[in-house]
Amino acid sequence: MSALVQFVDQMFPAALRHPGLVTAGSVALCLAWGLARARPQAAVRQEFGRPGMTVVVEEGDLFDQPGHLVVGFTDTFDTLVDDGVVINDSSVQGQLLARRFGGDVRRLDAELATALAGVAPVARESARDKPRGKRDRYPIGTVAVLGGRPQLVFAVAYSRMGNDCVASSGVQDLWHGLDRLWDAVHRHAQLECVSMPLTGAGLARLHDLDEDSLLRLILLSFVVHSWERAVCRELRVVIRPGELGRIDLPEAGAFLASLASGARRHL
């Protein structure tokens, strides 16, 4: 307001004969600026010059996104959704089965078996200990690449399926899973756009971090790996509408801007 009054005084001195109008105009501008700043954001976008890439955090439907997808799995790569006990049909994995595989669990299992053929299980549960679902356990961080171009699915195991069919994970598991994920994306995605959910925010029960911290962890992991070698030209973290209210998008934008600034210093 002070700046506006000084400007008017210099340029239009006669206007100060009506100071109420100047004050009202100043207040209106302040209110407009404040409302614009307070307007809820639905997306943030950050360009990185070196390495040349873009990171987007936005509200939306993961399965409407173009390009490749990331979907979290457990170490058993369970797929059974019929009884809702092993895999919840409303989870990202359940939506993958319904929307990318047409509900055909046999086709999904066949593609998983092919993708995991070269990976040795680290353990096998007995039918008595784990009566439901699959029993072979794969290392945390195993990535099964499903489907074909231009819409690959990177199925990354970042949580452990308990014998009671309750999944659990931790920060180290998620970080290791992301580490292996970016390696797989580097090898298979040919730098094309990759979309992923807010991995760890659902039924994996990663209680150590809230949604804001999970998002920063994902973004930090991606950018750090991109400093070492190109992962993809665009990463989109797609937030479910129900999760958006628990995320501070302006703060996420500021975090991305700080990473971009750090990338310029790093390079």
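The rules behind these values
- Along each chain, residue indices are assigned from 1 in the same order as the chain's sequence is written.
- Predicted model: local features are reported for residues with pLDDT of at least 70 only, side-chain atom pairs are reported and counted for 80 or more only, and whole-chain, interface and lining totals are derived from all residues.
- Heavy atoms from the whole structure form the basis of all side-chain values; hydrogens and water molecules are not counted.
- The criterion is simple. A nonpolar core is a set of buried Ala, Val, Leu, Ile, Met, Phe, Trp, Tyr and Cys residues joined through side-chain atoms within 4.5 Å.
- Whether a residue is buried, partly exposed or exposed follows from its accessible area with a 1.4 Å probe, protein chains only, as a fraction of its type maximum: under 20%, in between, or over 50%, in that order.
- What counts as a helix is a DSSP run of H or I of at least four residues, what counts as a strand is a run of E of at least two, and both are numbered from the N terminus.
- By the convention used here, residues are in contact when the closest approach between their heavy atoms is within 4.5 Å.
- Note on aromatic pairs: the rings of Phe, Tyr and Trp (six-membered ring only in Trp) are paired at centre separations within 6.5 Å, and the planes decide the class, stacked below 30 degrees, edge-to-face beyond 60, tilted for the rest.

Peer 1: What am I meant to see in the nonpolar core here?
Peer 2: A general feature of soluble globular proteins is that nonpolar side chains tend to end up buried together. Core analysis: the biggest nonpolar cluster contains 41 residues, and V57, F154, L181, M196, L219, F222 and V237 have the highest contact counts within it. Looking at this core, the element that brings in the most residues is helix α6 (residues 211-228), giving seven residues. Setting aside residues up to four positions removed in sequence, L219 forms contacts with V55, V57, V237, F255, L256 and L259. One finds F77, L116, V153 and A155 within the second-largest nonpolar core, a separate group that totals 24 residues.

Peer 1: Looking at this structure, how should I read unusual backbone geometry?
Peer 2: Most peptide bonds adopt trans geometry, and most residues besides glycine take a negative phi value. Cis peptide bonds are those with omega within 30 degrees of zero, and the linkage from R149 to P150 qualifies with 10 degrees. Along the chain, P150 turns up in the loop between β6 (143-146) and β7 (153-161). Backbone geometry at L191 places phi at a positive 65 degrees, although glycine is not the residue there. Its location among the elements puts L191 in the loop between α5 (171-188) and β9 (194-196).

Peer 1: Can you help me understand the packing of aromatic side chains in this one?
Peer 2: Note on aromatic pairs: each is described by the distance of the centres and the angle between the planes. For the structure on display, the rule yields three aromatic pairs. Note on F77 and Y138: the rings are 5.8 Å apart at their centroids and 80 degrees apart in plane angle, and the pair reads as edge-to-face. Residue F77 is found in the loop between β3 (68-74) and α3 (92-100), and its partner Y138 is found in the loop between β5 (136-137) and β6; the two are separated by 61 residues along the sequence. Judged by relative accessible area, which is 1%, F77 ranks as buried. Take Y138: its relative accessible area is 13%, and that puts it in the buried class. By the ring-pair criterion, three or more aromatic residues cluster together here, those being F73, F77 and Y138.

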